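Each chain is listed here by its residues.
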Amino acid sequence: MFSKYDVIVVGAGHAGCEAASAAANFGSKVLLITMNLQTVGEMSCNPAMGGIAKGQIIREIDAMGGYSGIVTDETMLQFRMLNKSKGPAMWSPRAQSDRTLFSLKWRSLLEQNTNIDFYQDMVVGLIKTGDRISGVKTRLEHEIYAQAVILTNGTFLNGLIHIGEKQIPGGRIAEKPSTGITEQLQGWGFQSNRLKTGTPPRIDGRSIDYSQLEIQEGDKEIKGFSFIPTNKPTKQKNCWIAYTNKKVHAILESGFSKSPMYQGRIQGVGPRYCPSIEDKITRFSERDRHQLFIEPEGWNTIEIYVNGFSSSLSESTQYQALMEIKGFENCKMFRPGYAIEYDYFPPTQLKPTLETKLIHNLFFAGQINGTTGYEEAACQGLMAGINAHQKINDYEPVILKRNEAYIGVLVDDLINKGTDEPYRMFTSRAEFRTLLRQDNADIRLTEKSYRLGLASQERMEKVKTKTANVLKIKSILNEYIFNGDEINPYLQKINSAALDKKQKASQLILRPLLSLSDMMKASSVLNSYLKEYDSETLEQAEIQLKYDVYIQKEKELVGRMSLLEEQIIPDSFNYDKILSLSSEARQKFNKIRPQTLGQASRISGVNPSDVQILIVYMGR
């Protein structure tokens with residue numbers, strides 16, 4: 001019934017979809033196995049993609065030839081660029097999506113790839129030959145063989161749902177958990193642990209009084225995520241903002257006696273940066289209210305997602321608390337929020353390619369590695385799919401560096417530092433975030449993707465044109481000279497100092513209150529030189545000019561640090577011979593087996609003095 005595959009992908013969430021498409025686009029014959037083909041690319045929690053640092057990841061996935069950006073653009077309800085009041089390094093795109101259309105679009109894209117086969121079944125075990133993976137076993141008693149296997153199990157590994165005192169085995173509400181894999185991997189020497197995440201209640205939108213809520217509209221310009229043309233919406237849906245209050249908090253606290261979290265029935269650690277409403281009112285007890293984002297689930301549904309009200313309290317407690325929120329007095333609940341705990345495998349057990357150290361050609365991607373969020377999962381799936389194909393064909397692995405992409409930061413953090421709580425990406429995790437902006441992901445990564453064979457010729461030509469046009473715009477701005485008569489009326493209007501002598505446009509644009517679009521409005525001559533260029537290219541030129549000093553400083557730092565990255569540590573290196581190393585450093589080096597001195601320097605618990613000792617010893 002089944003031929004032998006190049007790659008088997010287990011799970012069809014965000015990681016699984018990107019993994020399957022990446023490997024298949026390379027030419028590998030892929031089997032995507034999922035317990036339910038109706039939930040391919042399912043948005044299990046909030047109906048949104050992107051956000052702080054997460055939006056950067058989606059744009060990087062797109063530049064690398066992945067599909068998350070395209071799917072988001074073509075199914076979005078609303079688009080917003082977050083952090084526009086801050087510098088470009090902090091700008092982060094975010095979109096509300098139509099939950100149903102998002103899943104359908106993903107499935108459609110996968111089904112168009114003739115290298116991908118699909119099968120609906122539960123994988124209950126793995127097959128290995130020696131120390132190499134060779135296939136999977138399913139609940140319907142099939143043994144299916146492949147050269148590589150990628151596990152993207154999400155929250156399904158021994159998943160357990162908590163709603164008050166009720167405990168329901170499941171990977172998502174109304175869906176069975178995946179069993180058997182954890183126990184087998186433990187028997188092969190893998191370490192596992194438990195994590196927790198949660199989701200808020202869903203509400204009947206007809207029962208909400210929106211007149212009492214704050215409206216949150218989308219941006220006038222829908223920039224989207226993909227760097228190639230996509231079918232973005234011509235209209236947008238509104239979101240709203242609501243607030244909890246003291247009465248809400250009192251009702252929630254009254255349910256703590258039956259809370260699974262406070263009674264110790266939940267063993268897994270929850271996400272610190274996306275806490276449940278119970279966590280919020282406990283950890284921030286001094287606050288009288290907490291903000292909630294009221295988000296539509298789709299174009300043609302009345303279902304509403306109450307972002308910020310994740311809860312594992314009893315259904316009655318959740319409902320009573322919701323009705324005390326302004327605008328929710330007559331609300332009707334579609335389903336309660338719940339907490340779910342599940343197995344994960346600490347990611348220090350992985351190589352930088354996301355291949356496991358213990359079993360060759362076995363890859364982990366997504367929440368199985370301790371991450372949280374669609375975006376974090378998707379980028380891991382992309383890299384696992386790429387590297388599974390590379391490995392079985394004896395090609396060089398593809399590893400993005402910390403100065404190349406947020407994806408590189410995420411993978412490097414996971415394999416070197418591990419995580420004992422759900423890992424979420426933030427701009428603060430990236431030491432080179434001025435270089436890793438959302439606006440330049442195509443310039444950073446498309447050429448690499450094109451050389452690999454993922455990015456199309458169309459993408460590569462678009463980047464070349466953009467890069468060339470940016471240079472032309474910068475040249476024009478460096479040659480165009482403003483005089484006071486031309487620009488001072490506008491400078492006065494924005495309370496910026498008037499020019500008392502002529503100044504190049506490339507110097508004038510460094511003023512924080514002045515934008516390139518402002519200068520073009522103020523000068524018809526400059527506008528005539530630049531009007532042929534699109535807004536994305538103009539913005540790129542402006543950012544490069546305004547932040548050139550900071551960009552150059554980060555590039556210099558990258559250059560200095562790259563010396564450590566180039567120093568390869570042999571796999572056979574014996575750390576036990578270096579007696580001057582601290583015992584903790586020796587233990588960490590033996591466990592993680594860093595591949596470079598740079599990687600060794602970033603391992604949690606390793607001191608700079610340990611790295612210096614290693615440098616000296618290797619120099620000998």
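All of these numbers come straight from a predicted model, not from anything done at the bench.

Undergrad: Summarise the overall build of the protein; cite the residues concerned and give the values.
TA: Helices and strands together make up the secondary structure of the protein, namely 21 helices and 22 strands. Taking 2.2 N^0.38 as the reference for a compact globule, 620 residues should give roughly 25 Å; the C-alpha atoms of the protein span a radius of gyration of 26 Å, in line with that estimate. Oriented by its inertia axes, the alpha-carbon framework of the protein measures out at about 80 × 75 × 55 Å. The buried share of the protein, reckoned over its 620 residues, is 58%. Excluding contacts between residues fewer than 6 apart, the proportion of contacts in the protein whose partners are at least 24 apart in sequence is 72%. Split by element, the accessible area of the protein, about 26300 Å² in all, is 48% carbon and sulfur. Counting 76 positive and 71 negative side-chain charges, the protein places the centres of these two groups 2 Å from one another.

Undergrad: Outline the sheet that holds strand S4 (residues 76-82), supporting the account with residue identities and numerical values.
TA: Sheet strands associate in pairs through backbone hydrogen bonding, adopting either a parallel or an antiparallel arrangement. Strand order in the open sheet made by the three strands is S3-S5-S4, with antiparallel pairing throughout. Each end of this open sheet is capped by a strand with a single partner; those strands are strand S3 (48-50) and S4. Adjacent strand axes in the sheet meet at a mean angle of 15°, parallel and antiparallel pairs treated alike. Relative to strand S5 (residues 92-97), S4 runs antiparallel, the two sharing six bridges. When the bridges of S5 are listed, Phe79 appears paired with Ala95.

Undergrad: Tell me about the packing of aromatic side chains, and name the residues and values.
TA: Under the defined criterion, the tally for this structure stands at 13 aromatic pairs. Pairing Tyr480 with Phe482 gives two aromatic rings, centres 5.1 Å apart and planes at 75°, and the pair type is edge-to-face. Its relative accessible area of 11% is what places Tyr480 among the buried residues. With a relative accessible area of 0%, Phe482 lands in the buried category. Taking NZ or CZ as reference, Lys128 lies 5.1 Å from the ring centre of Trp188, over its face. The ring centre of Tyr423 lies 4.1 Å from the NZ or CZ of Arg429, which sits over that ring.

Undergrad: Explain the pairing of strand S17 (residues 303-307) to me, using residue names and the numbers behind them.
TA: Burial analysis of S17 places five of its five residues in the buried class, the great majority of the element. Burial of S17 is two-sided: the residues Glu303, Tyr305 and Asn307 facing one way and the residues Ile304 and Val306 facing the other way are all buried. Note that strand S13 (residues 202-204) and S17 share three bridges and pair antiparallel. The residue of S17 that forms the bridge with Arg202 is Tyr305. Both strand S16 (residues 291-296) and S17 contribute to a ladder of four bridges, which runs antiparallel. Following the sheet pairing, Phe293 is matched in S17 by Asn307. Between the antiparallel neighbours S16 and S17 lie six residues.

Undergrad: Which residues make up empty space enclosed by the protein, and what values go with them?
TA: In this structure the tally under the stated criterion is two cavities of 30 Å³ or more. What the largest cavity holds in volume is close to 50 Å³. In this structure, the largest cavity is lined by Phe227, Ile228, Asp442, Thr446, Arg459, Lys462, Val463 and Glu536. Listed by contribution, the elements that provide at least two residues to the lining of the largest cavity are helix H11 (441-452) and helix H12 (457-479). Class assignment for the residues of the lining of the largest cavity results in three nonpolar, one polar and four charged. Lining the second largest cavity are Lys196, Thr197, Gly198, Pro271, Cys274, Pro275, Ser276 and Ser310. Of the residues that constitute the lining of the second largest cavity, the class distribution is three nonpolar, four polar and one charged.

Undergrad: Let's hear about the pattern of salt bridges: which residues, and what values?
TA: The tally for this structure, following the rule as stated, stands at 28 salt bridges. In this structure, Lys29 and Asp117 form a salt bridge, with 3.6 Å as the shortest nitrogen-oxygen distance. Here Lys29 is found in the loop between helix H1 (14-26) and strand S2 (30-34), whereas its partner Asp117 is found in strand S6 (residues 116-120), with 88 residues between them in sequence. Judged by relative accessible area, Asp117 falls into the partly exposed class, the value being 25%. With a closest N to O distance of 2.9 Å, Arg437 and Asp439 form a salt bridge. Since its relative accessible area comes to 4%, Asp439 is described here as buried. The network of salt bridges with shared partners includes Arg402, Asp412, Asp413, Lys417, Glu431, Glu565 and Arg602.

Undergrad: Give me the lowdown on the sheet that holds strand S11 (residues 166-169), citing residues and values where you can.
TA: Read from one edge of the open sheet, four strands run S11-S10-S19-S12, paired in antiparallel fashion. Both outer strands of the open sheet, S11 and strand S12 (193-199), are each paired with one neighbouring strand and no more. In this sheet, neighbouring strand axes are inclined to one another by 25° on average, regardless of whether the strands run parallel or antiparallel. Summarising the sheet, strand S10 (residues 160-163) and strand S19 (residues 338-344) pair through three bridges and their orientation is antiparallel. Its bridge partner lying in S19, Leu160 is registered against Glu341.

Undergrad: Would you mind going over the environment of Val269 in detail, with residue names and values included?
TA: For Val269, the position within the fold is in the loop between helix H6 (246-254) and helix H7 (277-283). Note on Val269: relative accessible area 37%, which makes it partly exposed. Between the alpha carbons of Val269 and Arg194 there is a distance of 7.0 Å; along the sequence they are 75 residues apart. Not counting residues up to four positions away in its chain, the partners in contact with Val269 are Arg194, Leu195, Lys196, Asp420, Glu421 and Pro422.

Undergrad: Explain the nonpolar core to me, and be specific about the residues and the numbers.
TA: The biggest cluster of nonpolar side chains holds 101 residues, and the ones touching the most others in it are Ile8, Leu151 and Leu362. The contact partners of Leu151, leaving out residues within four places of it in the chain, are Val10, Leu126, Ile181, Leu185, Leu362, Phe363, Phe364, Ala365 and Ile368. Among the nonpolar cores identified, the runner-up in size contains 24 residues, and Ile487, Tyr490, Ala505 and Met520 belong to it.

Undergrad: Any chance you could break down helix H9 (residues 374-392) for me, citing the residues and the numbers?
TA: The end-to-end C-alpha separation of H9 is 27 Å, in line with the 27 Å expected for 19 residues at 1.5 Å each. Burial analysis of H9 places 18 of its 19 residues in the buried class, which makes it a mostly covered element. Asp394 sits one or two positions beyond H9 and adopts a positive phi of about 60°.

Undergrad: Please provide a residue-by-residue account of the side chain of Gln380, values included.
TA: By the secondary structure assignment, Gln380 is in helix H9. If near-sequence neighbours (up to four positions away) are discounted, Gln380 is found in contact with Leu354, Ala365, Gly366, Asn369, Thr371, Leu410 and Leu414.

Undergrad: Outline helix H19 (residues 583-592), listing residues and values.
TA: Looking only at H19, the buried set comprises Ala585, Arg586, Phe589 and Ile592. Take H19 and look down its axis: the buried residues cluster within an arc of 150°, on one side only. Those residues of H19 that are exposed and angled more than 90 degrees off the buried face are Ser583 and Gln587. Summarising the contacts, the buried residues of H19 are in contact with helix H10 (406-417), helix H20 (597-601) and helix H21 (608-619). At the C-terminal side of H19, Arg593 shows a positive phi close to 50°.

Definitions and cut-offs
- Residues numbered from 1 in each chain as written.
- Predicted model: local features only at pLDDT ≥ 70, side-chain atom pairs only at ≥ 80, totals over all residues.
- Heavy atoms only, no water.
- Helix = DSSP H or I, 4+ residues; strand = E, 2+ residues; numbered from the N terminus.
- Rg over C-alpha atoms; globule rule 2.2 N^0.38 Å.
- Buried < 20%, exposed > 50% of the residue type's maximum accessible area, 1.4 Å probe, protein only.
- Contact = heavy atoms within 4.5 Å.
- Areas by Shrake-Rupley, 256 points an atom, 1.4 Å probe, with all protein chains shown as cover.
- Lys, Arg positive; Asp, Glu negative; His and termini not counted.
- Charge placed at Lys NZ, Arg CZ, Asp CG, Glu CD.
- Pairing = 2+ DSSP bridges.
- Axes fitted to C-alpha atoms, helices over the stretch in contact; angles between N-to-C directions.
- Phe/Tyr/Trp six-rings, centres within 6.5 Å; stacked < 30°, edge-to-face > 60°.
- Lys NZ or Arg CZ within 6 Å of the ring centre and 35° of its normal.
- 1 Å grid on protein atoms, 1.4 Å probe; cavity = no way out; pocket = protein on both sides within 12 Å on 5 of 7 lines; lining within 4 Å.
- Points joined across faces, edges and corners; volume = space filled by probe spheres on them.
- Nonpolar A, V, L, I, M, F, W, Y, C, P; charged D, E, K, R; others polar.
- Salt bridge = Lys/Arg side-chain N within 4 Å of Asp/Glu carboxyl O.
- Core = buried A, V, L, I, M, F, W, Y, C linked by side-chain atoms within 4.5 Å.
- Expected span 1.5 Å × (residues − 1).
- Arc of directions from axis to C-beta.

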